[in-house]
Amino acid sequence: MLIAEELGLNAKNLGEAATSDKPDVKRLLGTEGNYGEQLGLTKDWATRIIKHVGNYGEVFERNVGQGSQLKIARGLNALWTKGGLQYAPPIR
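This is a predicted model, so every value here is computed, not measured.

Rules used throughout
- Residues numbered from 1 in each chain as written.
- Predicted model: local features only at pLDDT ≥ 70, side-chain atom pairs only at ≥ 80, totals over all residues.
- Heavy atoms only, no water.
- Helix = DSSP H or I, 4+ residues; strand = E, 2+ residues; numbered from the N terminus.
- Buried < 20%, exposed > 50% of the residue type's maximum accessible area, 1.4 Å probe, protein only.
- Polar contact = N/O pair within 3.5 Å; in protein donor to acceptor, adjacent residues only side chain to side chain.
- Contact = heavy atoms within 4.5 Å.
- pLDDT = per-residue confidence, 0-100.
- Phe/Tyr/Trp six-rings, centres within 6.5 Å; stacked < 30°, edge-to-face > 60°.
- Lys NZ or Arg CZ within 6 Å of the ring centre and 35° of its normal.
- 1 Å grid on protein atoms, 1.4 Å probe; cavity = no way out; pocket = protein on both sides within 12 Å on 5 of 7 lines; lining within 4 Å.
- Points joined across faces, edges and corners; volume = space filled by probe spheres on them.
- Nonpolar A, V, L, I, M, F, W, Y, C, P; charged D, E, K, R; others polar.

Engineer: Mind showing me how you'd approach unusual backbone geometry here?
Structural biologist: Keep in mind that most residues, glycine aside, have a negative phi and that most peptide bonds are trans. One non-glycine residue, Lys71, adopts positive backbone phi at about 55°. Looking at where Lys71 falls in the secondary structure, it is placed in the segment after helix 6 (56-63).

Structure representation (structure tokens):
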């Protein structure tokens, strides 16, 4: 979910992302390679997660962030590229 957020993938743009030429997107969505199968999962495991719940940022905002009653600022839960501590190793 963190990688999806880093790549700009979310529940709304997942359809158009499936046609992406970017290798990182292809690997995550299971259209290239067999990373999911190596983990004992289906090829589209990440696609199904993103489709049903969204990327990490979407889940955070909906459950504890500005879209919730709690209205907690993202702060250190932001991606490392946006001043936070959240980092996920690339899928390779």
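Engineer: What's the story with the side chain of Arg74 in this structure? I'm lost.
Structural biologist: In this fold, Arg74 is placed in the segment after helix 6. Its relative accessible area of 17% is what places Arg74 among the buried residues. A polar contact of 2.9 Å, which involves the side chain of Arg74, links it to the side chain of Glu5. Contacts of Arg74, omitting those with residues within four sequence positions, involve Glu5, Tyr56, Gly57, Phe60, Glu61 and Leu79.

Engineer: I tried to follow the confidence of the model for the protein chain on my own but got confused; where do I start?
Structural biologist: As a general rule, the predicted coordinates of low-pLDDT regions are not to be interpreted in detail. Mean pLDDT over the protein chain works out to 95, with 100% of the residues at or above the 70 mark. Within the protein chain, helix 4 (residues 35-38) has the poorest average pLDDT of any element, 89, and helix 6 the best, 98.

Engineer: Would you mind showing me how to read the packing of aromatic side chains here?
Structural biologist: What characterises a pair of aromatic rings is the spacing of the ring centres plus the angle enclosed by the ring planes. One pass over the full model with this rule turns up two aromatic pairs. Their ring planes at 75° and their centres at 5.8 Å tell us that Trp80 and Tyr87 sit as a pair that is edge-to-face. What makes Tyr87 partly exposed here is its relative accessible area of 48%. The ring of Phe60 carries the charged tip of Arg74 above its face, separated from the ring centre by 5.5 Å.

Engineer: Just to check I follow, could you spell out empty space enclosed by the protein for this structure?
Structural biologist: Enumeration according to the criterion identifies one cavity of 30 Å³ or more in this entry. Estimates place the volume of the largest cavity at around 30 Å³. Every residue lining the largest cavity is listed: Arg27, Gly30, Glu32, Gly33, Asn34, Tyr35, Gly36, Lys43 and Trp45. Classifying every residue of the lining of the largest cavity gives two nonpolar, four polar and three charged.

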